[in-house]
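Below, each chain spelled out in residue letters.
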Amino acid sequence: MRDRTARPVRAAWALAGGAVALTLLTATAAHAEGNGDIRVTAAVVNDGKNVIIGTSHRVTYPIAITIRDNSGVKGLSHVSVFNKSNGWGFSDWTGTKCVKRSHTTSVCTATMTIAPQWLPDSLPEDVDHAAGLWQVNATVKANDGDYWISDDIVEFKMKRASKLTTDAAPEPVAKGAQLTVSGKLTRANWEHLKYSGFTGQDVKLQFKAAGAAHYRTVKTVRTGDAGKLSAKVTATSAGSWRWHFPGTTTTARVTSAGDAVSLR
């Protein structure tokens with residue numbers, strides 16, 4: 001993408017194989033321009049999975065772009081990704097590798113890297129708004145000098161990581177007695193680099209009887225203050241209890257570990 005409006009923010013980081021810089025990019029309508037018959041025919045980000053970022057670990061994800069030209073593919077000269085709603089994103093990548101599929105077609109993979117520690121000092125206020133729907137722009141080149149600049153060739157979701165706990169009590173429990181299943185849903189806060197309670201979210205309470213192969217949903221409970229969960233159920237058989245959060249457009253889905261409860 002030819003970035004006509006980007007302005008740099010305060011930080012950049014040198015990495016093996018290249019450099020990563022966070023920039024503010026102004027989202028534009030999808031368009032393409034260039035010279036010749038070279039084209040992007042397909043693209044996929046992170047093998048089709050969401051890009052999920054927590055509070056400490058660096059995340060690396062691939063962008064595989066299929067390119068076709070009658071003279072053969074030379075490669076990628078630029079790749080950028082940014083949030084479609086606010087224009088926050090990356091202007092560079094940490095490496096590219098092209099694999100030739102035929103005389104005319106190659107799959108070129110750009111590797112993007114992000115660490116949550118970079119975000120607070122590099123993006124504008126309300127860093128968590130970087131989560132959501134992102135797009136990929138790329139400039140591709142052919143052996144005969146053809147080139148093509150494509151905006152919005154593929155979209156993907158960058159999400160805040162989440163955590164979920166389960167605790168069932170009392171253990172063991174008398175058959176027919178009340179069992180309280182509690183838990184807590186939290187998600188990554190990129191501004192403070194810690195996990196914070198996620199309130200007002202519907203979370204499914206699930207049960208798997210001892211010897212059964214699968215969990216089933218018993219009820220749905222909404223998280224309260226600090227992401228806390230609590231539900232009372234009747235213990236009719238031994239088995240495991242867990243919570244399942246299906247996720248949102250900005251927060252990853254998560255399932256807690258099961259808590260096994262026996263009868264007495």
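Refer to the structure presented above.
Residues numbered from 1 in each chain as written. Predicted model: local features only at pLDDT ≥ 70, side-chain atom pairs only at ≥ 80, totals over all residues. Heavy atoms only, no water.

Colleague: Looking at this model, I keep getting lost on the pairing of strand β9 (residues 96-100). Mind explaining?
Modeller: Regular strands place their side chains on alternate faces of the sheet. Here β9 pairs with strand β10 (residues 105-114) via five bridges, running antiparallel. Among the inter-strand pairings, valine 99 is bridged to a residue of β10, identified as valine 107. The loop that links β9 with its antiparallel partner β10 comprises four residues. (Pairing = 2+ DSSP bridges. Helix = DSSP H or I, 4+ residues; strand = E, 2+ residues; numbered from the N terminus.)

Colleague: Help me understand the sheet that holds β10, please; the structure alone is not making it clear to me.
Modeller: Within a sheet, neighbouring strands are paired by backbone hydrogen bonds and run either parallel or antiparallel to one another. Taken in spatial order, the four strands of this open sheet run β4-β6-β10-β9, and their pairing is antiparallel. Unpaired on one side and paired on the other, β4 (39-45) and β9 mark the two borders of the sheet. Each strand axis lies, on average, 20° off the axis of its neighbour in the sheet, ignoring direction. (Axes fitted to C-alpha atoms, helices over the stretch in contact; angles between N-to-C directions.)

Colleague: I keep staring at the pairing of strand β15 (residues 194-197) and nothing clicks. Help me out?
Modeller: Bridging between strand β14 (residues 178-189) and β15 involves four bridges; their strand directions are antiparallel. By the bridge assignment for β15, arginine 187 is matched with serine 196. Connecting β14 to the antiparallel partner β15 that follows it, the hairpin turn spans four residues, and leucine 193 within it adopts a positive phi of roughly 55°.

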